[in-house]
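# Structure assessment
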Amino acid sequence: MKLDQSLMNEFILFAAEQFPGEGVTLHRPVFGGNEKAYLAECIDSNFVSSVGARVTEFERGIAAYCGAKYGVATVNGTAALHIAMVVAGVERGDEVITQALTFIATCNAISYIGAHPVFVDVDKSTLGMSPDALRKFLFANAEMKDGVAHNKVTGRRFAACVPMHTFGHPCRIDEIAEVCAEFDIPLVEDAAESLGSYFKGKHTGNFGLLGAISFNGNKIITTGGGGMIVTNDEEVARKAKHITTTAKIPHPYEFVHDQVGYNYRLPNLNAALGCAQLEQLDGFVKIKRNLAERYSRFFAEKGVPFVTEPDGATSNYWLNAIILDSREERDSFLKYTNDRGLMTRPIWRMMTELEMFKHCQHDGLENSLWLEDRVVNIPSSVPMGTSNNPRFSVNPAAQR
Ligand SMILES: Cc1ncc(COP(=O)(O)O)c(C=O)c1O
């Protein structure tokens, strides 16, 4: 396909039609339910900070939605990832295997611990970590010492593997879990973007020891800022809650802390927003899948590859994406659309190209490099005015 001006004009018109009466941004929040009521209630209760009924309710609600036993709410998704890795046992000087094609938060969280990221390639079909690349990397680079996988090259321990479900599309997480089990490496899923996405019928974030979700303002539901650790392990959940709440030993009035902890607990005010948003999540997923279907038909007619849910996955289609022919075509598309007020964005600059991570070990990252040159995100919000539209049958609780 040659991307000419008439095709780009057609795309701009088509995208604008999907969002009637609003500016066309990549992803903005929709507050179509009980947000204001729950926030007002929360303010009236005086419980606006990190203690309050809405935090617990939101934790239970998200855990239940994901089919996980426990949820631990945090101030943002990065904090959730940070603590998920700490609880998984990652320590200063360890290595964490992840993908180079991800948002910076994944590697920031690894770095907060003083651990080092190492990068394996992604699949072109999922945009997420490739289990084949992971296996190949570990067979070439891992040696077991006292049952623990170490990097032959650096001598460091592989303390966790952190794949990411890019743009909400699940990676081949079951096979990744198998490889991690073979090498006895804890699996922590960066499910920041994939609330509402399932792989083989199981919600993402649920395949390893822990998963981390984000509720940033650009995510499928938002708490303003917020995150959640999900896990099925009671002890892991207890530890996560303990260190995200300053490691304070419960006592009616004494302040005793048994380790250096973090003030990472989600405030009740944000959780109130989250409870109202959660009521609308099924409706949002439905609307976004519907939008993706329309994009998919449009791009199929034009011969432009549109990123669809991988085999075995049911995706939330958080951010829609197309794959252009080359870096040059990508750049001219980005310039043409943004110059005309239609927001589009390239996929992230690979971690291995950033100053902080360019020295990190990797496997060549062939697919990642190919995708980095070609993938562009296109407007993906829940169209305004549709969250209460019966056509999309949003969860009735949202219309109370
Ligand atoms: C892949 C990925 N990981 C982690 C995060 C961190 O989430 P937050 O922005 O809530 O800290 C985000 C989103 O922002 C993300 O997209």
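Cut-off values and rules
- Residues numbered from 1 in each chain as written.
- Predicted model: local features only at pLDDT ≥ 70, side-chain atom pairs only at ≥ 80, totals over all residues.
- Heavy atoms only, no water.
- Helix = DSSP H or I, 4+ residues; strand = E, 2+ residues; numbered from the N terminus.
- Buried < 20%, exposed > 50% of the residue type's maximum accessible area, 1.4 Å probe, protein only.
- Contact = heavy atoms within 4.5 Å.
- Near = heavy atom within 4 Å.
- Polar contact = N/O pair within 3.5 Å; in protein donor to acceptor, adjacent residues only side chain to side chain.
- Areas by Shrake-Rupley, 256 points an atom, 1.4 Å probe, with all protein chains shown as cover.
- Nonpolar A, V, L, I, M, F, W, Y, C, P; charged D, E, K, R; others polar.
- Core = buried A, V, L, I, M, F, W, Y, C linked by side-chain atoms within 4.5 Å.
- pLDDT = per-residue confidence, 0-100.
- Disulfide = S-S within 2.5 Å.
- Pairing = 2+ DSSP bridges.
- Axes fitted to C-alpha atoms, helices over the stretch in contact; angles between N-to-C directions.
- Salt bridge = Lys/Arg side-chain N within 4 Å of Asp/Glu carboxyl O.

A word on the overall build of the protein chain. A tally of helices and strands in the protein chain yields 12 helices and 15 strands. For the protein chain, the proportion of its 400 residues judged to be buried stands at 56%. Counting only contacts in the protein chain whose residues sit at least 6 apart along the sequence, the fraction spanning at least 24 positions is 71%.

With that settled, the discussion passes to the site of the ligand. Taken together, 15 residues form the shell around the ligand, and within it Gly77, Thr78, Glu193, Ser214 and Lys219 come nearest. A distance of 2.5 Å is found between an oxygen atom of the ligand and a side-chain nitrogen or oxygen belonging to Thr78. One of the side-chain nitrogen or oxygen atoms of Glu193 is found 2.6 Å away from an oxygen atom of the ligand. In the complex, 93% of the free accessible area of the ligand, which totals 390 Å², lies under the protein chains. Looking at the shell around the ligand, the element that brings in the most residues is helix 4 (residues 77-88), giving three residues. Here the shell around the ligand is built from residues that sort into five nonpolar, seven polar and three charged.

Here the focus is the nonpolar core. Counting 52 residues, the largest nonpolar core has Phe58, Ile62, Phe167, Leu195, Ile213 and Ile221 as its most contacted members. Counting only elements with at least two residues in this core, the list comes to helix 2 (35-45), helix 3 (53-66), strand 11 (227-231), helix 9 (268-278), helix 10 (281-302) and strand 13 (320-323). Sequence-distant contacts of Phe167, defined by excluding residues within four places in its chain, comprise Leu127, Glu193, Asn316, Tyr317, Trp318, Leu319, Ala321, Ile347, Trp348, Val375 and Asn377. Among the nonpolar cores identified, the runner-up in size contains 26 residues, and Ala80, Val90, Val96 and Leu210 belong to it.

Our next topic: the confidence of the model for the protein chain. Chain-level statistics for the protein chain give a pLDDT mean of 95 and a share of 96% at 70 or above. Predicted confidence is poor over residues 387-400, with pLDDT under 50, and the contacts of this stretch with residues over four places away or in other chains come to 31 contacts.

Further remarks concern the state of the cysteines. In the structure shown here, the tally under the stated rule is zero disulfides. Residue Cys66 stays outside any disulfide, its sulfur separated by 14 Å from that of Cys275, the closest cysteine. As a non-bridged cysteine, Cys360 has Cys107 as the owner of its nearest cysteine sulfur, 7.2 Å distant.

As a further point, take helix 12 (residues 366-374). Considered for burial, the residues of helix 12 that qualify are Ser368, Leu371, Glu372 and Arg374. Those residues of helix 12 that are buried are in contact with strand 13, helix 11 (327-339) and strand 15 (375-378).

The four strands are arranged 1-11-10-7 in an open sheet whose pairing can be described as mixed. Among the strands making up the open sheet, the edge pair consists of strand 1 (70-74) and strand 7 (188-190). Between one strand axis and the next, the sheet turns through 20° on average, direction left out of account. Bridge count between strand 1 and strand 11: five bridges; the pairing is antiparallel. In the sheet register, Thr74 faces strand 11, and the bridge partner there is Gly227. Against the sheet, helix 4 makes contact with strand 1, strand 7, strand 10 (210-214) and strand 11, and its axis sits at roughly 170° relative to strand 10, the strand it touches most.

A word on the pattern of salt bridges. Summed over all chains, the structure comprises 19 salt bridges. Here Arg28 makes a salt bridge to Glu22, at a shortest N to O gap of 2.4 Å. Of the two residues, Arg28 and Glu22, both sit in the buried class. For the salt bridge of Asp339 with Lys335, the shortest nitrogen-to-oxygen distance reads 2.7 Å. Residue Asp339 and its partner Lys335 are both found in helix 11; the two are separated by four residues, about one turn of the helix.

Moving on to helix 7 (residues 173-183). Taken together, the buried positions of helix 7 are Ile173, Asp174, Ile176, Val179, Cys180 and Phe183. Of the surrounding secondary structure, the elements contacted by the buried residues of helix 7 are helix 6 (131-141), strand 4 (142-145), strand 5 (148-151), strand 6 (158-162), strand 7 and strand 8 (198-199). At the exit of helix 7 stands Asp184, carrying a positive phi of roughly 55°.

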